[in-house]
Amino acid sequence: MKKLIYLDNAATTQVSEEVLNEMLPFFRQTYSNPSAVYSFAGESKKAVDHARKQAAELIGANVEEIYFTGGGSESDNWALKAAAEAYCSKGKHIITSKIEHHAILHTCEYLQKQGYEVTYLDVDEEGKVSLEELRAAIRPDTILISIMTANNEIGTIEPIAEIGKIAHENGVLFHTDAVQAYGHIPINVDDMKIDMLSASGHKFNGPKGIGILYIRKGVKLSSFIHGGAQERNRRAGTSNVPGIVGFGKAAEIAGETMEARTRKEVKLRDHLIERVLAEIPYVRLNGHKTDRLPNNVNFCFRFIEGESLLILLDQLGVCASSGSACTSGSLDPSHVLLAIGLPHEIAHGSLRITLSEETTLEDIDFVADELKKITRRLREMSPLYEDFVKSQK
């Protein structure tokens, strides 16, 4: 059996052994509902409280500002819909960017149908939001700015601290979708003036189906799911204790290992970028060269369909992506790549590779070597490439 080289860690990550071991007792031994009053429930409640502390410490938040959710998409929906409802008396204008995750974009579309106005900021060719355009977009009736910390496709890290400062100077709430960034790069909600932050456990070696919404003390958000009194009356539903415990442990490990992990991933990331750009013609690196997630590489290969690349890599045991996992079945080119100015024909040739601390130099060199062969093979079958070559002679 060929070796599996998993390079789609932006889609999901492997649950670490430490996290799994921390979770296991809460399936069979300590399986009580933490909302119950008997002493057996006390162990579950204590575990949930500890995980909340672990989740908060990673971003410099207070324990009471962390609310557990079912994942990043729920957290994004809660932040936007509840903020829109709570602050509608001030205004109905929201600002976001054109490269947000669909959990934000589709929620904004929903709010537009409810009578809200949304300004979608452009980004530059590297995927960065313009602070000047953001300032110009703010109006007296602006109630919320939602800009992602780092892009899930091209890896560009946004100027979050500066955006938070602008938002607070104008009395506007600031939410950031940090699903790709939480546990991967340093975040401090106070220093960055973040009012709300979304994160998801399965993006940093935690379990799926568990996330958080950080809500700064004083921000008035109503409940998103109605029912019981869980999560301090703000998010009903029996607590997913194993998932919560796993999220907390993964957050703790991410904080402890971030510096060393970042050094390793950046070294491998840059090695892959250098090899591909030097050894394969007609390739573009998407996203910012340095202000990008440590583990993210995104290329566009001209005269090639990204899906063909993925199929041939899969035959070699390599797992990669052509964009967001949430749109992997779509035939449309990435909205992110179109937003940074790429034409459809080039955007269709995208390949996203996202590393983990388990990735080795041998893995990276194998992928680079095989990409050279694959791109040569696919271009030999491409009439567009043939016409291009003839035009260059």
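This one's a predicted model, so the numbers in the text were calculated from it and none came from an experiment.

Caption draft 1: Structural context of the layout of surface pockets. Of the voids in this model, the largest pocket is the one considered here, and its volume is about 490 Å³. Of all the secondary structure elements, the ones that give two or more residues to the lining of the largest pocket are strand S1 (5-6), helix H1 (17-23) and helix H9 (241-279). Within the lining of the largest pocket, the residues separate by chemical class into nine nonpolar, nine polar and seven charged.

Caption draft 2: View of the nonpolar core. Ile59, Ile145, Tyr182, Ile187, Ile194, Leu197 and Phe247 are the most contacted members of the largest nonpolar core, which totals 65 residues. At nine residues, H9 tops the list of elements feeding residues into this core. Those residues in contact with Ile187 that sit more than four places away from it in its chain are Leu58, Ile59, Gly60, Thr149, Ala178, Ala181, Tyr182, Met192, Ile194 and Leu197. Grouped together as the second largest cluster of nonpolar side chains are 28 residues, Leu272, Phe301, Ile353 and Ile374 included.

Caption draft 3: View of the packing of helix H3 (residues 40-57) against H9. Two elements in contact, H3 and H9, have axes separated by 8 Å at closest approach and are oriented at 35°. Taken as a pair, H3 and H9 cross one another with a handedness that is left-handed. In contact with Ser44, Ala47, Val48, His50, Ala51, Gln54 and Ala55 of H3, H9 contributes Val241, Ile244, Val245, Phe247, Gly248, Lys249, Ala251 and Glu252. Across the contact of H3 with H9, the residue classes tally to nine nonpolar, four polar and two charged.

Caption draft 4: Structural context of H3. For H3, with 18 residues, the first-to-last C-alpha span of 27 Å sits near the 26 Å given by 1.5 Å per residue. Contacts from the buried residues of H3 go to helix H2 (25-28), strand S2 (66-69), strand S8 (211-215), helix H8 (230-233) and H9.

Caption draft 5: A look at the sheet that holds S8. With respect to topology, seven strands assemble into an open sheet ordered S2-S8-S7-S6-S5-S3-S4, the strand pairing being mixed. Two strands bound the open sheet, and with one partner strand each, they are S2 and strand S4 (117-121). Each adjacent strand pair in this sheet contributes to an overall mean axis angle of 20°, direction not counted. With four bridges joining them, S2 and S8 adopt antiparallel strand pairing. Across the sheet, residue Thr69 finds its bridge partner in S8, namely Gly211. Each of S2 and S8 is contacted by H3, which is oriented at about 110° to S2, the strand it contacts most. Here helix H7 (residues 160-169) sits on the sheet and contacts strand S5 (142-146) and strand S6 (173-177); the angle it forms with S6, its principal contact strand, is near 155°.

Caption draft 6: A look at the pattern of salt bridges. Scanning the model with the defined rule gives 22 salt bridges in all. Among the salt bridges present, the one from Lys45 reaches Asp49, with a minimum N-O distance of 3.2 Å. Placement of the pair is Lys45 and Asp49 together in helix H3, with a separation of four residues, close to one helical turn. For Lys45, a relative accessible area of 43% corresponds to the partly exposed category. Judged by relative accessible area, which is 35%, Asp49 ranks as partly exposed. Its salt-bridge partner being Lys53, residue Glu57 comes within 2.7 Å of it at the nearest N-O pair.

Definitions and limits used
- Residues numbered from 1 in each chain as written.
- Predicted model: local features only at pLDDT ≥ 70, side-chain atom pairs only at ≥ 80, totals over all residues.
- Heavy atoms only, no water.
- 1 Å grid on protein atoms, 1.4 Å probe; cavity = no way out; pocket = protein on both sides within 12 Å on 5 of 7 lines; lining within 4 Å.
- Points joined across faces, edges and corners; volume = space filled by probe spheres on them.
- Helix = DSSP H or I, 4+ residues; strand = E, 2+ residues; numbered from the N terminus.
- Nonpolar A, V, L, I, M, F, W, Y, C, P; charged D, E, K, R; others polar.
- Core = buried A, V, L, I, M, F, W, Y, C linked by side-chain atoms within 4.5 Å.
- Buried < 20%, exposed > 50% of the residue type's maximum accessible area, 1.4 Å probe, protein only.
- Contact = heavy atoms within 4.5 Å.
- Axes fitted to C-alpha atoms, helices over the stretch in contact; angles between N-to-C directions.
- Left-handed = near helix turned anticlockwise from the far one by under 90°.
- Expected span 1.5 Å × (residues − 1).
- Pairing = 2+ DSSP bridges.
- Salt bridge = Lys/Arg side-chain N within 4 Å of Asp/Glu carboxyl O.

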